[in-house]
Amino acid sequence: MTTHEKLIALLEQHNARYTLMEHEATGKCEAVAAIRGTAVGQGAKALVCHVKGNGVKRHVLAILPADRQADLGKVATAIGGRRASLASPAEVDALTGCVFGAIPPFSFHPDLKLVVDPLLFERYDEIAFNAGLLTKSVVLKTTDYQRICQAEVASIVQ
């Protein structure tokens, strides 16, 4: 199963309220928000990070609003580590089955811990994100995302 197929199956299994849309591939948050008809801050940016230190050696899928920047120190602290760095393209592919920019805000890999910034839950009724492919997006009710994702919630933005 592809990441896209896993995502849609998960949303259907949990009776999530969402819209799936197809669009041209774009690498910019602002451009894809315009295509989706959403605010940039509704976008769920997904970063695969490698956290080390304090006996921790773990990959984290950090999810934050697309109009904010991640604080890698806070990502590390959120799971008890000392430092975090962005994962390599090969690690991203191995852990998510996606190219950078297409990663949905759900972890389908047991070695990828999901950490979500609380701002994503607080600002908008719906969040938007690429659905495992650069050409497909989902707009999902924020309450459904919060209910389904089962993430650790921690402040990870600058």
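Being a predicted model, the structure only gives us computed values, none of them experimental.

**What to know about a positive patch on the surface**
Inference 1: Together, Lys-52, Lys-57, Arg-82 and Arg-83 give the surface a local cluster of positive charge.
Inference 2: Structurally, the position occupied by Arg-83 is in strand β4 (residues 83-86).

**Overview of the pairing of strand β3 (residues 56-65)**
Inference 1: Across the 10 residues of β3, 8 count as buried, placing the element largely inside the fold.
Inference 2: Of the pairings in the sheet, the one linking strand β2 (residues 44-53) to β3 comprises 10 bridges and is antiparallel in character. Its bridge partner being in β3, His-50 is matched across the sheet by His-59.
Inference 3: Linking β2 back to β3 in an antiparallel pair, the connection comprises 2 residues, with Asn-54 at a positive phi of about 55 degrees.
Inference 4: Sheet topology note: the β3/strand β5 (residues 112-116) ladder contains 5 bridges and is parallel. By the bridge assignment, Val-60 is partnered in β5 with Lys-113.

**Observations regarding the sheet that holds β3**
Strand pairs in the sheet, formed through backbone hydrogen bonds, run parallel or antiparallel to each other.
Inference 1: With mixed pairing, the 5 strands of this open sheet are ordered in space as β4-β2-β3-β5-β8. Looking at strand neighbours, the two that pair on one side only are β4 and β8 (152-153), the edges of this open sheet.
Inference 2: As paired elements, β5 and β8 share 2 bridges and run parallel to each other. Bridge assignment links Val-115 to a residue of β8, and that residue is Glu-152.

Conventions and cut-offs
- Residues numbered from 1 in each chain as written.
- Predicted model: local features only at pLDDT ≥ 70, side-chain atom pairs only at ≥ 80, totals over all residues.
- Heavy atoms only, no water.
- Patch = residues over 30% accessible without salt bridge, like charges linked within 9 Å, V, L, I, M, F, W, Y side chains within 5 Å.
- Areas by Shrake-Rupley, 256 points an atom, 1.4 Å probe, with all protein chains shown as cover.
- Salt bridge = Lys/Arg side-chain N within 4 Å of Asp/Glu carboxyl O.
- Lys, Arg positive; Asp, Glu negative; His and termini not counted.
- Charge placed at Lys NZ, Arg CZ, Asp CG, Glu CD.
- Helix = DSSP H or I, 4+ residues; strand = E, 2+ residues; numbered from the N terminus.
- Buried < 20%, exposed > 50% of the residue type's maximum accessible area, 1.4 Å probe, protein only.
- Pairing = 2+ DSSP bridges.

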